[in-house]
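# An overview of the molecular structure
Each chain, written out:
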Amino acid sequence: MSTATVELAAFLRTRRERLDPRDFGLPVRRSRRTPGLRREEVAEQAGVSVDYVVRLEQARGLRPSAAVVEALSSALRLTGEERAYFFDLARQRPRGTGEPATTAEPSLARLVEDLSPLPAMLLNHRFDILAWNAGMARLLLDFATLPSAQRNAMWLCLLHPEIREYYVDRERVVREGIAHLRAAWAAHPDDPVLTALIAECTGGNEEFARWWAERDVRGTGRGSKVLRHPGAGVIAVDVEVLVPLRESDQRLLIGRPADEASRAALRSCAGSPG
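Residues numbered from 1 in each chain as written. Predicted model: local features only at pLDDT ≥ 70, side-chain atom pairs only at ≥ 80, totals over all residues. Heavy atoms only, no water.

## Section: the side chain of R215
Relative to the helices and strands, R215 resides in the loop between α11 (206-212) and β3 (223-229). Reaching out from R215, the side chain makes a polar contact with the side chain of E7 at a distance of 2.9 Å. Here A213 takes part through its backbone oxygen, which lies 3.1 Å from a polar atom of the side chain of R215. Once you skip the residues sitting within four places of it in the chain, R215 turns out to touch E7, A10, F11, T14, R15 and R182. (Helix = DSSP H or I, 4+ residues; strand = E, 2+ residues; numbered from the N terminus. Polar contact = N/O pair within 3.5 Å; in protein donor to acceptor, adjacent residues only side chain to side chain. Contact = heavy atoms within 4.5 Å.)

## Quick word on the side chain of D191
On the secondary structure map, D191 appears in the loop between α9 (170-187) and α10 (192-204). Residue classification places D191 among the buried positions, given a relative accessible area of 6%. Side chain to side chain, D191 and H125 meet in a polar contact 2.8 Å long. Separated by 3.0 Å, the side chain of D191 and the backbone nitrogen of V193 make a polar contact. (Buried < 20%, exposed > 50% of the residue type's maximum accessible area, 1.4 Å probe, protein only.)

## Quick look at the nonpolar core
Core analysis: the biggest nonpolar cluster contains 62 residues, and L140, F143, L181 and F208 have the highest contact counts within it. The residues touching F143, leaving out its near neighbours within four places in the chain, are M121, I129, W132, M136, R151 and L156. In this structure, L108, V112, A131 and I254 belong to the second largest nonpolar core, which totals ten residues. (Core = buried A, V, L, I, M, F, W, Y, C linked by side-chain atoms within 4.5 Å.)

## Details of the pattern of salt bridges
Per the stated rule, a full pass over the model turns up 21 salt bridges. Note that E41 is salt-bridged to R38, the shortest N-O span being 3.7 Å. The exposure class assigned to R38 is partly exposed, which follows from its relative accessible area of 25%. A salt bridge links D191 to R126; its shortest N-O distance comes to 2.7 Å. Within this pair, whereas D191 is found in the loop between α9 and α10, its partner R126 is found in the loop between β1 (120-123) and β2 (129-132), the two being separated by 65 residues in sequence. Salt bridges sharing common partners tie together E7, R182 and R215. (Salt bridge = Lys/Arg side-chain N within 4 Å of Asp/Glu carboxyl O.)

Written out as structure tokens, the structure reads:
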């Protein structure tokens, strides 16, 4: 039994249990002993047999077709990110054949540098930091001082003794990172380095283990972070994540000050005149 099959089963159960029968016009009776919809109710919504849903949730070796994945996604009211995750687990999305990037493509590395003074860095799907500029080093830390194995955004946020205290709303940041990492894992389930990273974080951080088990899924995009910079104080940063067309497994992350006070704080980090 593959890991993806087991994960697909657990994912479907958690999504089903989060649904509110009242949203489907179904009565809420005291006889309901479990949260969410019953399997037969999901089966009816998706137009499949109850036995099929049971076998999927029990990880009994089924590989649903793209049509069934689509029907169940609709029945379970999955978000766009959750639907993509489901397609990945069911092996119904086309996959690239190239090896994961471990170094930055030169033109992308130059772009990261050219974005200065805005903080920017280039990540692969594992959240390994492939390139960064001086603005990002001043905002977080000089990644060149770290062993290469620790140049990973998720590892730093969870396990680095200084970086883990930077974020004002740390729980939200970590939860979002875990949701992004779960989506990456579904797209690359055979990547041993990614699997090892998840195992290290699960074993080394109770928060990660608990939130990973919730199976939230999110794709990359835009967001915001508020940091406690040791030299410049509180800095609010709007984050934009872009995907290069020719390097679709890599992510260009750019931070911009969210307000004038944060703009001044970033200038202070850079040693620029006010």
